[in-house]
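The primary structure of each chain is shown beneath.
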Amino acid sequence: MDVIDLTGDDKDDLQRAIALSLEESNRAFRETGITDEEQAISRVLEASIAENKASLKKTHPEVWNDSPNPYDRKRQDNCPVGLKNVGNTCWFSAVIQSLFNLLEFRRLVLNYNPPASAQDLPRNQKEHRNLPFMRELRHLFALLVGSKRKYVDPSKAVDILKDAFKSNGSQQQDVSEFTHKLLDWLEDAFQMKAEEERDGEKPKNPMLELFYGRFLAVGVLEGKKFENTEMFGQYPLQVNGFKDLHECLEAAMIEGEIESLHSENSGKSGQEHWFTELPPVLTFELSRFEFNQALGRPEKIHNKLEFPQVLYLDRYMHKNREITRIKREEIKRLKEYLTVLQQRLERYLSYGSGPKRFPLVDVLQYALEFASSKPVCTSPVDDIDASSPPSGSIPSQTLPSTAEQQQGTPSELPSTSPTPRSFIHKPFTQSRIPPDLPMHPAPRHITEEELSVLEGCLHRWRTEVENDTRDLQESISRIHRTIELMYSDKSMKQVPYRLHAVLVHEGQANAGHYWAYIFDHHQEKWMKYNDISVTKSTWEELERDSFGGYRNASAYCLMYINDKEQFLIKEDFHKETGQKLVGMETLPTDLRDFVKEDNQKFEKELEEWDLQLAQKAHQEKILVSQKMREPAPSVITAQAEEPEYLDQPSRSDLAKYLKEETMQAITRASSEHEDKNPETVLQLAIKLEYARLVKLAQEDTPPETDYRLHHAVVYFIQNQSPKKIIERTLLEQFGNRNLGFDERCRNIMKIAQAKLEMIKPEEVNMEEYERWHQDYRNFRDTTMYLVIGLEHFQKKSYVEAILYLICAYQNNKELLSKGPYRGHDEELISHYRRECLLKLNEHAAELFESGDDQEVNNGLIIMNEFIVPCLPLLLVDEMEEKDIIAVEDMRNRWCSYLGQEMEPNLQEKLTDFLPKLLDCSTEIKGFNELPKLPSYSTHELCERFARIMLSLSRTPADGR
């Protein structure tokens, strides 16, 4: 089989090298089953293992892991399963997901059975490598079909690849090389099976039939015509200098001069490529990376390149070569004519010479305005110069006094009259402009006849230029349209290929992140496969990320499938019932058992998690019951044991803070009611306190005054809690032991406590009651997180501020999910969280730029411990455009270093760090340690909140 690898740039050099070492390569292949080319790649990559290991040791450890809550890792309905990034393996995920979503390819892998001859002992190293990989690939595909996990771990398959390629986890694999080698491995694996099953016929390899096509190369070399048929897999296309995929293909199909094909007398050489057989799955490799000889390193091409959802390839087929040649000649002629028209239009739109060029129609308009201006008889310069003495000196006797200058009459002003000037001479800087001197250029001498003729000519010329410009623009548009429709006739739309997958790279040539957009052909929607995250997407989002030119992201590989070959995406059906098979039903028996076993392990994780939660809830319930049964301690003991500031402000703390308000309500109730019975006073006092709190809840207050912090009932009223919750809360306020300092209050306290004990479980749901108070405690804690974070931010202590702001935002978001008045202004917290991250990123970048080892390490620690874990929090809500822009700004700042000269050790650290920064997964990571809140009282909380909010109101919002 003569397979041509089109992924290389220097094909001639490669052919010569292969020719020189052919004998040795064949001998090595016979002995080991591995080509000399593969061994060479292994030797080169193996040389860097020690250096990579050293780099790994110096790398700061990851600050996040899988969520401990298995429900966060549970698959939702039939959402596609993601792949975990197990160490810079996003390249693996992007390619594997693209292939997995080709249903025919999926079937081939899932139903692959290793050849019987290789079951016991592999015959050579190739079998020793390929067969274990096929086993792990089958397991991986089976989990992607039927797992109950949100994402699965591909480590076993990846480890085999790493071992074979001698690559390292800290180094990103070249995706083009990986895809090429992967297809080679699959081809070898299926070839072994095909040879075992053949019955005297030439074995068919399904990988070749799926991914490999043929083209005919025709041309002239040294005056002689030649024709060669070659096989291809991934078809390489140059990106630089082209605007769309068809332009890339046209350039790839025609190399050099081709006139010699049509003229016997021509001595020029060149060749054309014509597809003779297209594979069902056609993969284009977009060459977005090139080696910069001057800088000695690879660089990425960020040019914009458009590609269609449906690509018609008729014009590149050998059977259509004559029609295509005619159309190409016509297009060439049209483009030449188009160039002439564009040059002529350019002269109309950019008239003149040198750097100052203007549209001709504007030049004529300016000339018309000049001619139509009021004519003057003298030069404005001469007019001003005439007011000065010839010598330039100013006689002292002619200078007016200050009073004279202020009291000058209009008659003293200079005149443009041809009569002699007046006696007063002024310096040039103090000269007054004559009242009838024009403020714009105008002709000095022009007759009415001259003006009439000139205006008529200019009007006519301007109209002619406008018409010519419009005609040229319309002609250019028509030619563009003609070229676009050149291949739109039905005969040239018989070979449609539909876009199946787009593999995207974000970053620079030597570092970045990979993900894939894959079309769901049955639901007819685009999906974004980004490691563990699989989300719905749109063509518009795909365009933005894949075309390039917008940011550092662009497509590097396009996978098209034959739109007429439905077997590629056809689903499985039961042979007898005819019903569609889904999920586990599509798996062979051995894989079904494998997936069931893994699902059972995951279900056990869920059960253990539920059991832990149930035990924890039961323990908390016991503690609550014990507290409720405990007798109230004496007043003296309570006052001695009660701390002034509590780590977690409880209801007793709130009641203590409200002691003065409670006393005022009791005093007022006693004075307003003649009956001094404690029970009557209690009922009235509760009504008065409730009325006060309702009024506070209804007040329209400035941001610094938040009455929800003053009393739980204000929070409950604003969030429409059940009435029973409010009533019990008020009873607890009046039943608190802190009130028992005199006889009257002690009696009211005892009655309130007695009423609390009389409340039956069915009257007030205590679990619901605890949930409301827990939400209120969370609201207060969120407020303190926000206050501390903003205080640190204002002191420019961004490292200290960020975790408090992150906690404030996350807690607040959870509160707001229950109601609009459960938390604080989300936009405000979002703004300062975003600004703090930008400030931190800027600081870390400055430390990196210093070049000092210690400062560079400190900068990278800031990035690894604070910035990288926070980015998913900003990207999870794609509606927050400001957050997305901020993330892009932070990434672009670090990507910009890749194009700069720097010390090798800095380059190494940057290359190791960037993939983490560019990881686009929206999976929320956790921090190792969250900040702990200090003890605080209600009074302190309210005071600090008011102070910080007032300071913010005096500061510009910076676009908030």
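Each remark here, short or long, concerns the structure printed above.
For clarity, every value in this text was computed on a predicted model and none was experimentally measured.

Digging into the overall build of the protein chain
Then step 1. For the protein chain, the helix and strand inventory stands at 32 helices and 17 strands.
Then step 2. In the protein chain, which comprises 960 residues, the proportion classed as buried is 45%.
Then step 3. When contacts within the protein chain are restricted to residue pairs at least 6 apart in sequence, long-range pairs at least 24 apart make up 74% of them.
Then step 4. By element, 51% of the accessible surface of the protein chain is carried by carbon and sulfur atoms, the whole surface being about 51,700 Å².

Let's talk about the pairing of strand 15 (residues 525–530)
Then step 1. Strand 15 sits mainly inside the fold: five of its six residues count as buried.
Then step 2. In this sheet, strand 16 (residues 533–537) lies alongside strand 15 in antiparallel orientation, the contact comprising five bridges. By the bridge assignment, K528 is partnered in strand 16 with T535.
Then step 3. Counted along the chain from strand 15 to the antiparallel partner strand 16, the turn is two residues long, and its residue D531 has a positive phi close to 55°.

Topic: the nonpolar core
One recurring pattern in soluble globular proteins: nonpolar side chains tend to sit buried together.
Then step 1. Counting residues in each nonpolar core, the largest one holds 92 residues, and the members touching the most others are F716, F734, I802, F848, I867, W894 and L917.
Then step 2. When residues of this core are assigned to their parent elements, the largest contribution, twelve residues, is made by helix 29 (residues 853–875).
Then step 3. Apart from residues lying up to four places away in sequence, I802 is in contact with R833, C836, L837, L840, F866 and C870.

Some details on helix 24 (residues 723–734)
Then step 1. With twelve residues, helix 24 should cover 16 Å at 1.5 Å per step; its first-to-last C-alpha distance of 17 Å lies within 8% of that length.
Then step 2. Of all twelve residues in helix 24, nine are buried, a share of seventy percent or more.
Then step 3. Every buried residue belonging to helix 24 is among I725, I726, R728, T729, L730, L731, E732, Q733 and F734, and all of these are buried.

Details of the packing of helix 26 (residues 766–794) against helix 32 (residues 938–953)
Then step 1. Between helix 26 and helix 32, the shortest axis-to-axis distance is 10 Å and the interhelical angle comes to 45°. The orientation of helix 26 relative to helix 32 falls into the category oblique. Remark: the crossing between helix 26 and helix 32 carries left-handed chirality. Contacts between helix 26 and helix 32 involve R780, T783, M784, V787, I788, L790, E791 and Q794 on the former and, on the latter, T938, L941, R944, F945, R947, I948, S951 and L952.
Then step 2. Class assignment of the residues belonging to the contact of helix 26 with helix 32 gives a composition of eight nonpolar, four polar and four charged.

Overview of empty space enclosed by the protein
Then step 1. This structure, assessed with the given rule, holds four cavities of 30 Å³ or more.
Then step 2. Along the walls of the largest cavity sit V95, L99, T179, L183, F211, T283, L503, C557 and M559, which together make up its complete lining.
Then step 3. When residues of the lining of the largest cavity are traced back to their parent elements, those giving at least two are helix 5 (90–100), helix 9 (175–197) and strand 17 (553–562).
Then step 4. Residue composition of the lining of the largest cavity, by class: seven nonpolar, two polar and no charged.

Things to note about the packing of aromatic side chains
A ring pair, where both rings are aromatic, is described by two values, the distance of the centres and the angle of the planes.
Then step 1. The final tally for this structure, using the stated rule, is 30 aromatic pairs.
Then step 2. Judged by centre distance (6.0 Å) and plane angle (40°), the ring pair of W526 and W539 falls under tilted. In this pair, W526 is assigned in strand 15 and W539 in helix 17 (residues 539–546), connecting sequence segments 13 residues apart. Take W526 and W539: they sit in the same class, and that class is buried.
Then step 3. Aromatic side chains Y715 and F779 sit 5.0 Å apart centroid to centroid with 35° between the ring planes, which places their arrangement in the tilted category. Of the two residues, Y715 is situated in helix 23 (residues 712–718) and F779 in helix 26; the sequence distance between them amounts to 64 residues.

Cut-offs and rules
- Residues numbered from 1 in each chain as written.
- Predicted model: local features only at pLDDT ≥ 70, side-chain atom pairs only at ≥ 80, totals over all residues.
- Heavy atoms only, no water.
- Helix = DSSP H or I, 4+ residues; strand = E, 2+ residues; numbered from the N terminus.
- Buried < 20%, exposed > 50% of the residue type's maximum accessible area, 1.4 Å probe, protein only.
- Contact = heavy atoms within 4.5 Å.
- Areas by Shrake-Rupley, 256 points an atom, 1.4 Å probe, with all protein chains shown as cover.
- Pairing = 2+ DSSP bridges.
- Core = buried A, V, L, I, M, F, W, Y, C linked by side-chain atoms within 4.5 Å.
- Expected span 1.5 Å × (residues − 1).
- Axes fitted to C-alpha atoms, helices over the stretch in contact; angles between N-to-C directions.
- Parallel < 35°, antiparallel > 145°, perpendicular 65-115°, else oblique.
- Left-handed = near helix turned anticlockwise from the far one by under 90°.
- Nonpolar A, V, L, I, M, F, W, Y, C, P; charged D, E, K, R; others polar.
- 1 Å grid on protein atoms, 1.4 Å probe; cavity = no way out; pocket = protein on both sides within 12 Å on 5 of 7 lines; lining within 4 Å.
- Points joined across faces, edges and corners; volume = space filled by probe spheres on them.
- Phe/Tyr/Trp six-rings, centres within 6.5 Å; stacked < 30°, edge-to-face > 60°.

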